[in-house]
Amino acid sequence: MKKKIVIGSRGSLLALAQSEMIKKRLEDNFPEIEFEIKKIVTSGDKDLVSNWNNSDKSLKSFFTKEIEVELLNGSIDLAVHSMKDMPILSPEGLICGAVPDREDPRDVLVSKSGKSLMELPEGAIVGTSSLRRTMNLKNLRPDLQIKQLRGNIHTRLNKLKNEDYDAILLAAAGLKRVGLENEITEYLDPNRFFPAPAQGVLHIQCRENDEEIRSILKSIHREDIERVVVIEREFSKIFDGGCHTPMGCYSEINGDEITFSGIYFKDEKGYTAQITEKLNKGICVAQAVAECIKEKING
């Protein structure tokens, strides 16, 4: 058995917090092994603006490519990614070794005044760089002004405090994982303000042929969460869900059933559908909701 295992991570505070969380879980399960985090700078971290403006493709690989290269060449043993940053297909030789506990999938509003989304005054300025959040916002509050907002969580919170924003939109999961839950003004109803597919989920990546690491990662894997993620990512795939695709979905689990809701925006109009089905129907659940949405669009 390996005496030391190296975990690859992006260098942002959120990425490191997520990697530390996984490191702690693995240390608790395997106290005889030393776990170390290696920070890796990705092209997305180096040049976010030009990558974001490259609207012809998804941003997903910009935050994973350099880490995957190190995983393939053996300089790290596993990598911690946000699931929503991951392409549907892993590069040859790499797999998802574990899907651990899911954090809160909802989006949240952080406002200067402490007012909720529906309480914000007409024409208030709300910051987000996400097309999905922008379309959700226009759907609920078409009177609000939307202003571009980029950067990590701390940068965005500082911009809210010091620049011309009345409120900003963020993922609950990120704020909770970096210990800033107290900044949240309002948790947005996920059946009205639809989250990104797999929001709040981590993807622990490893080499397909590394049986020892795969065995170790089984100790933190949650099969029930993986089943939900497969459905949500299928919905994303049907609508070609990159960072520039205005769509979202939300899953509620009740025993062996899933209530799955989805939204897709076309010409700034949101089309929604919902289905309650057995969880073991898998991707058929996402396909049924997508088909219903497509029928509404084609009217």
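Before any of the text, the structure's been laid out above.
A quick note: this is a predicted structure, and the numbers were derived from the prediction, not measured. (Residues numbered from 1 in each chain as written. Predicted model: local features only at pLDDT ≥ 70, side-chain atom pairs only at ≥ 80, totals over all residues. Heavy atoms only, no water.)

A. Up close: the pattern of salt bridges. Applying the stated criterion to the full structure yields 21 salt bridges. Between Lys23 and Glu27 there is a salt bridge; the shortest N-O distance is 3.0 Å. Of the two residues, Lys23 and Glu27 are both situated in helix H1 (residues 13-29); the distance of 4 residues between them amounts to about one turn of the helix. According to the relative accessible area criterion, Lys23 is buried, its value standing at 16%. (Salt bridge = Lys/Arg side-chain N within 4 Å of Asp/Glu carboxyl O. Helix = DSSP H or I, 4+ residues; strand = E, 2+ residues; numbered from the N terminus. Buried < 20%, exposed > 50% of the residue type's maximum accessible area, 1.4 Å probe, protein only.)

B. Representation of the sheet that holds strand E11 (residues 247-254) within the structure. The 3 strands lie next to each other as E11-E12-E13, forming an open sheet whose pairing is antiparallel. Bordering the open sheet on either side are E11 and strand E13 (269-278), each of which pairs with just one other strand. Ignoring strand direction, the axes of neighbouring strands in this sheet form an average angle of 15°. Relative to E13, strand E12 (residues 257-266) is paired through 10 bridges, and the arrangement is antiparallel. Residue Phe265 lies in a different strand from E13, and its bridge partner there is Gly270. In this fold helix H5 (residues 131-140) packs onto E11 and E12, with an angle of close to 90° to the strand it touches most, E12. Relative to the sheet, helix H9 (residues 223-238) contacts E11 and E12, its axis offset from that of E11 by approximately 155°. (Pairing = 2+ DSSP bridges. Axes fitted to C-alpha atoms, helices over the stretch in contact; angles between N-to-C directions. Contact = heavy atoms within 4.5 Å.)

C. Representation of the sheet that holds strand E1 (residues 4-9) in the model. Read from one edge of the open sheet, 5 strands run E2-E1-E3-E10-E4, paired in mixed fashion. Taken across any chain shown, the strands that pair with only one partner, and hence form the sheet edges, are strand E2 (34-39) and strand E4 (94-98). Each adjacent strand pair in this sheet contributes to an overall mean axis angle of 35°, direction not counted. Where E4 meets strand E10 (residues 202-207), 4 bridges bridge the pair, whose relative direction is antiparallel. Of the residues in E10, the one forming a bridge with Leu94 is Arg207. Along the sheet, H1 contacts E1, E2, strand E3 (78-82) and E10; its crossing angle with E2, the most-contacted strand, is approximately 170°.

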